[in-house]
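Architecture at a glance
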Amino acid sequence: MKPDFSAQDTAWMQQALALARQAEAEGEVPVGAVLVGPDGECLGKGWNRNIAEHDPTAHAEIVAMREAGRALGNHRLVGCTLYVTLEPCAMCAMAMVHARLARVVYGAKDPKTGAAGSVFDLLTDSRHNHRLTAQGGLLGEEAGQRLTDYFRRKRARPGL
């Protein structure tokens, strides 16, 4: 069954896609994320920065959560929703659990390392003391195509 997405969900994911384009323009893997508070206010934005920052943890989701934590003055992001263009990896998924997010909405599935149901299901695992709602597929074709095109171009360049 496909999840129902609101017009607001679509608008936030479009912003995440714009951030993915920013990542790609900077030579990063094109993933973008927007973190929205329970009141509907944007608290954090991020795009992949791990290459530029020489930081393996600087995924779009982590960057957005760090910004939101600073905005709230709290490491807990209770009631917040994270919109991200690619299904979270295990690192990002566990950060979301620890931050106590309410929901994650992602675009493209990640059949190699996805931790929101594709390979692992860390966000809803009953062994955690907190679980969140995960909904995938919102603008997933666009997000997935951007990633596919990026990696095709990267593989086509010698020395990369």
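Conventions adopted
- Residues numbered from 1 in each chain as written.
- Predicted model: local features only at pLDDT ≥ 70, side-chain atom pairs only at ≥ 80, totals over all residues.
- Heavy atoms only, no water.
- Helix = DSSP H or I, 4+ residues; strand = E, 2+ residues; numbered from the N terminus.
- Polar contact = N/O pair within 3.5 Å; in protein donor to acceptor, adjacent residues only side chain to side chain.
- Contact = heavy atoms within 4.5 Å.
- Core = buried A, V, L, I, M, F, W, Y, C linked by side-chain atoms within 4.5 Å.
- Buried < 20%, exposed > 50% of the residue type's maximum accessible area, 1.4 Å probe, protein only.
- UniProt positions renumbered as here; feature names shortened; annotations may be inferred.
- Axes fitted to C-alpha atoms, helices over the stretch in contact; angles between N-to-C directions.
- Parallel < 35°, antiparallel > 145°, perpendicular 65-115°, else oblique.
- Left-handed = near helix turned anticlockwise from the far one by under 90°.
- Pairing = 2+ DSSP bridges.
- Phe/Tyr/Trp six-rings, centres within 6.5 Å; stacked < 30°, edge-to-face > 60°.
- Salt bridge = Lys/Arg side-chain N within 4 Å of Asp/Glu carboxyl O.

This paragraph deals with the side chain of histidine 130. Relative to the helices and strands, histidine 130 resides in the loop between strand 4 (103-108) and strand 5 (133-136). Polar side-chain contacts of histidine 130 include one of 2.7 Å to the backbone oxygen of leucine 101. Setting aside its immediate chain neighbours within four residues, histidine 130 contacts Val97, Arg100, Leu101 and Leu123.

This part is about the nonpolar core. In this structure, Leu35, Met65, Leu77, Leu82, Met96, Leu101 and Leu123 are the most contacted members of the largest nonpolar core, which totals 32 residues. Mapped onto this core, the elements with two or more residues apiece are strand 1 (32-36), helix 2 (60-72), strand 3 (81-86), helix 3 (90-99), strand 4 and helix 4 (140-156). Counting residues in hydrophobic clusters, the runner-up holds nine residues, among them Ala16, Leu19, Val36 and Val105.

As recorded in UniProt, the feature "active site" (unreviewed entry) lies at Glu61. Inspection of the secondary structure assignment puts glutamate 61 in helix 2. Residue classification places glutamate 61 among the buried positions, given a relative accessible area of 4%. Beyond its immediate stretch of four places on either side in the chain, glutamate 61 contacts Val31, Ala33, Leu82, Val84, Leu86, Pro88, Cys89, Cys92 and Met96.

On to the packing of helix 2 against helix 3, then. Running from N to C, helix 2 and helix 3 cross one another at 25°; their axes reach a closest spacing of 9 Å. With respect to helix 3, the element helix 2 is oriented roughly parallel. As for how helix 2 packs across helix 3, the hand of that crossing is left-handed. Two secondary-structure elements touch here, helix 2 through Glu61, Ile62 and Met65 and helix 3 through Met91, Cys92, Ala95, Met96 and Ala99.

Let us look at helix 3. Residues of helix 3 that are buried include every one of Cys92, Ala93, Met96, Val97 and Ala99, and no others. Tucked into the core, helix 3 has its buried residues touching helix 2, strand 3 and strand 4. Phi for arginine 100, located one or two positions after helix 3, is positive at around 70°.

Pairing is mixed in the open sheet, where five strands are placed in the order 2-1-3-4-5. Looking at strand neighbours, the two that pair on one side only are strand 2 (42-47) and strand 5, the edges of this open sheet. When the angles between neighbouring strand axes are averaged without regard to direction, this sheet yields 15°. Together, strand 1, strand 2, strand 3 and strand 4 form the strand contacts of helix 1 (residues 7-25), whose direction differs from that of strand 1 by roughly 140°. Those strands touched by helix 2 are strand 1, strand 2 and strand 3, and its axis lies near 150° from that of strand 2.

Scanning the model with the defined rule gives one aromatic pair in all. Summarising the aromatic geometry, the rings of tyrosine 150 and phenylalanine 151 are spaced 4.9 Å apart at their centres and angled 80° between planes, so their arrangement reads as edge-to-face.

Two side chains bearing opposite charge may form a pair once their charged atoms approach each other closely. Applying the stated criterion to the full structure yields eight salt bridges. With its nearest N and O atoms 2.1 Å apart, the salt bridge here joins arginine 153 to glutamate 24. Here glutamate 24 lies in helix 1 and arginine 153 lies in helix 4, a separation of 129 residues in the sequence. Taking the relative accessible area as the measure of exposure, glutamate 24 reaches 16% and is therefore buried. A salt bridge links aspartate 55 to arginine 66, with the nearest nitrogen and oxygen atoms 3.8 Å apart. Of this pair, aspartate 55 sits in the loop between strand 2 and helix 2 while arginine 66 sits in helix 2; the two residues are 11 residues apart in sequence, bridging distant segments of the chain. By relative accessible area, aspartate 55 is classed as buried at 19%. Overall, arginine 66 belongs to the partly exposed group, its relative accessible area being 36%. A single network of salt bridges, built from pairs that share partners, joins Glu24, Arg146 and Arg153.

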